[in-house]
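# Chains, contacts and geometry: an overview
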Amino acid sequence: MDANALMAIDGLSAHYGDFQALYDVSMRFPKGKIISIIGSNGAGKSTLLNSVMGIVKPSAGKVCFAGKDVTGKRTSAIVANGITMSPEGSSVFEDMSVHENLLMGAYLPEARKRKDSLLARAYEIFPALKEKEKQLATFLSGGQRQMLAIGRALMSDPKLLICDEISLGLAPVVVGDIYSRILDVNESGVTVVLVEQEVKRSLEYSDYGYVLVKGRVVMEGETKDLSEEEVKEAYFGTGKYA
Amino acid sequence: MGQRFWNIKTLCIVAAVAVLAFLPRYGSDYAVNIGILVFLYMSLGQMWNLLGGFAGLASLGQQIFVGLGGYTLALVTQEYGMGIAASFGIAVGVSVVFAYVISFPIFKMSGVYFTIGSWIVSEAILVFFRNWKFVHYDAGYNITAAYKIPMGALYLGALAIGVGSIALVYAVLRSKMGLALMAMRDNESAAEVRGVRLYRTKLFCFLISSAYTAVTGVVLYLNIAYVKPGAAFSIDWTVCMVFIAVIGGLGTIEGPIIGAVIYVILRQYLYNFPGISMIILGSVAVAIILLAPKGIMGAIRGRFGVELFSVRRRVDERLE
Amino acid sequence: MELFVQSVISGVLLGGLYAAIGVGLSLVFGIMGLTNIAHGSFMILGSFFVMVFSRQLAGSIVLALAVTLAVMAAVGALTQGALINRVLDKGAEPALLVTFGIAIVVQNILQLIFGADFKSISSPFASVNVVSTKWVVISGEYLVNFLISAALIFILHFIIRKTWLGRSIRAASGNVTAAELMGVNTKRTYIYAMCLALVSGSVGGMLVGQTFGFYSYSGMSYLIIAFGVVVIGGMGSIVGTLIGGVILGVAQLLGAYFFGPGMQIFIGYLTLLVILTLKPRGLLSSMVRK
């Protein structure tokens, strides 16, 4: 699966001052697949994403997207290659309407040209947003915000969609709903990376999984080969991972 | 870092002050004049730094107190025929009362609103003085009492003001209030919890800084010997306070010392280039901020970890 | 009574001009949290450009303004790109001091070139009265000032609300990381915002130059008016500046009406302080942010 990976992360390390948050992390995100990155709070998931997206400058390692080195570039420049991220805590533009939030997703020139069809697609995937079109994002519920964040990310017509902690603080029904939408998105050819704390659901929805503990990849593999028990042991540092 | 090291430091500081005190005897008039300016501007810088650097009150209105100091001196000596010494006491009284009164409106404002509000107060005072018959409208005063003061005496006065300003800020920071200030400077939200105490601490700093700025203003106007609203309440005073504090390093005691030396010497030197002197001064300010956003002292600390006046000691002691 | 009505009307018209002076300051604060001390000086720089260019361009004020706006946009891009962007993430004080330094440099360059003499820009409407009855007189110049300023405010409002540039500016002001994730280069957005601020400031500068005159150091006194307008209207609110300007203008002229012309400015400041005391984040702060 190495050769035609859409994104390749090699030996990535990151520091906050003296504190090292990532150690030599390497990953492959193959085209068209759903990849999950599983880890508890403080495992380094956010640092990993922030380093990939240029929000944090990595101290070592390389990030390549579609064969192009994007390590440490400005976030907006990385995004311009066709990568997009739905940020943790579904941070939407509070004082913009739902419609304007979605439009912001299509800011880049390529997407801007096709904003109408992209907008139609986003509303098709998340009909709930259509009803709230004119409302300010600040008045949305948690689930609606999450949908808006993902819908907005999709507006850029990305090749790679990274979703940071979709299930955080949401009711299981809502999470299930959002996950099934993500499957639809993946069907249409978009590579998806799910970053999650929740083991079961991540394994259920993804093709390939990585387990991140204390800034290191401790386990990886096709999800069909990974047992939930074993992942949990790695995750919590119990059993043979103790 | 034992007691002993601290004693050596104290000794050095005492020796430095003693040496400075003898400058008028051996130095040229020019050097003495530079000395006067450095000490007084350093005092202004220290007082602004106490507000802007430690108490989080970035005021653009401290020129009020320079002006009040100047006018107190003028009124006390010209209108009431009292001695110069009386004007120090009265300047403190007037400025504390005034600072206390304006603290009610401007302490309601926070952040940039406080900054702007304080400036508006000072502009209002300026306009008021220009329209106030009691202070001769825009004409101002010649402060004739100041003519008789020998330069050496003025120098010693300025030195006392300068050393006093350092001692004052140091004492405030080492006090219980200082502990709260340091906590606030380092982590605003953590200190925010104790709201009432925070308010009192800020008010206390504001009163002290304002009163001492006024006292400094008295000595400044002994040197200038002529007071007029436009100059006395000019934003330029605060511009130079901010320059000195920020260039030297906000939130450090050493900063304003370095800042004042740079400011005064640069300014004196630039008198040789009339017309472009302020352009150069402004450009230097911008350049230093771009190169060392934490000021010169911040850059030195970052690189060498040197501190002359360690106000953190107390925090460390408590933790140990 | 006539004089009272006259004061209110003139105050409203004057307020329009004040809004043009303040709107750029509000914009820059709303977008990047920067208190731009150099705003007034840049405005006066605009006044000087209009004056010089209109002499060069056979007295055409429109052409002169057009050239000025282009030049000032470049000045804004340079200031933001080369200086302010570098210190914005270093805290409030460094950025504030940089603009302080810029203000001093700009003032003194103007002083060096033009001296300290009072200048003015000739206005085609200077001595025309649109309305002239026994009750009130409306000067053509004040009315034109108001209309141009109002137009300026609404153009800026339109740009911010309805265009891609405006949306990207609002995105960057709300959440830098999220804006970058949309592909918005926020540093470049700040440059555009500063250009808009200086362009609008220059329009204010031209109007001020026609109505009141100016000299190299006028910037600081207009800066405080700009601050006043923005403080009443709420930092970052564009339409708020129009309301803020009108309130300040009316307060000043009523102050002059009740207490004599010497107190015009003083009453203006007093009004500001009272408003700030009652509403420490500006009069309209609860209603709007943008």
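Our subject is the structure that appears above.
Keep in mind that this is a model prediction, so the values were computed, not measured.

## Some remarks on the interface of chain A and chain C
Each partner contributes residues to the interface: chain A has 23 residues there, and chain C has 20 residues. Between chain A and chain C, a total of about 2,000 Å² is buried, with carbon and sulfur atoms accounting for 65% of that surface. Looking only at chain A, the three residues that lose the most surface to chain C are Arg-74, Phe-93 and Tyr-107 of chain A, adding up to 27% of its buried area. Close ionic contact of Arg-170 of chain C with Glu-100 of chain A constitutes a salt bridge, the shortest N to O distance being 2.8 Å. Summed over the shared surface of chain A and chain C, the number is six residue pairs in polar contact (both at pLDDT 80 or more). Of all the secondary-structure elements, those providing two or more residues to the side of chain A that touches chain C are helix H2 (75–79), strand S6 (83–86) and helix H3 (98–105) of chain A. The element best represented in the side of chain A that touches chain C is H3 of chain A, accounting for four residues. Considered class by class, the residues forming the side of chain A that touches chain C number 12 nonpolar, five polar and six charged.

## Some details on the sheet that holds strand S9 (residues 208–213) of chain A
Residue and element names in this part refer to chain A. Spatial strand order, S6-S7-S8-S3-S9-S10: six strands in an open sheet with mixed pairing. Across the chains shown, the open sheet's two edge strands, defined by having one partner strand only, are S6 and strand S10 (216–222). For this sheet, the mean inter-axis angle between neighbouring strands, taken without regard to orientation, is 15°. Two elements, strand S7 (residues 160–164) and strand S8 (residues 191–196), share five bridges in a ladder whose sense is parallel. Residue pairing for S8: Leu-161 is matched across the bridge by Val-192. Each of S6 and S7 touches helix H7 (residues 142–154); the most contacted strand, S6, lies at about 175° to it. On top of the sheet, helix H8 (residues 172–187) reaches strand S3 (34–38), S7 and S8; it is set at about 155° to S8, its chief contact.

## Topic: the interface of chain B and chain C
One frequently used descriptor of interface size is the decrease in accessible area upon assembly of the parts. Counting residues at the interface gives 33 residues for chain B and 38 residues for chain C. Counting the surface lost from both chain B and chain C, the interface buries some 3,400 Å², and carbon and sulfur atoms represent 85% of this. If you look at where chain B meets chain C, you find zero salt bridges. In this assembly, chain B and chain C are joined by one residue pair in polar contact (both at pLDDT 80 or more). When residues of the side of chain B that touches chain C are traced back to their parent elements, those giving at least two are helix H6 (112–130), helix H12 (235–248) and helix H14 (277–291) of chain B. If one sorts the elements of the side of chain B that touches chain C by residue count, H6 of chain B sits on top with 11 residues. Tallied by class, residues from the side of chain B that touches chain C come to 24 nonpolar, seven polar and two charged.

The rules we used
Residues numbered from 1 in each chain as written. Chains lettered and ligands numbered in written order. Predicted model: local features only at pLDDT ≥ 70, side-chain atom pairs only at ≥ 80, totals over all residues. Heavy atoms only, no water. Contact = heavy atoms within 4.5 Å. Buried area = accessible area lost by both parts, 1.4 Å probe. Salt bridge = Lys/Arg side-chain N within 4 Å of Asp/Glu carboxyl O. Polar contact = N/O pair within 3.5 Å; in protein donor to acceptor, adjacent residues only side chain to side chain. Helix = DSSP H or I, 4+ residues; strand = E, 2+ residues; numbered from the N terminus. Nonpolar A, V, L, I, M, F, W, Y, C, P; charged D, E, K, R; others polar. Pairing = 2+ DSSP bridges. Axes fitted to C-alpha atoms, helices over the stretch in contact; angles between N-to-C directions.

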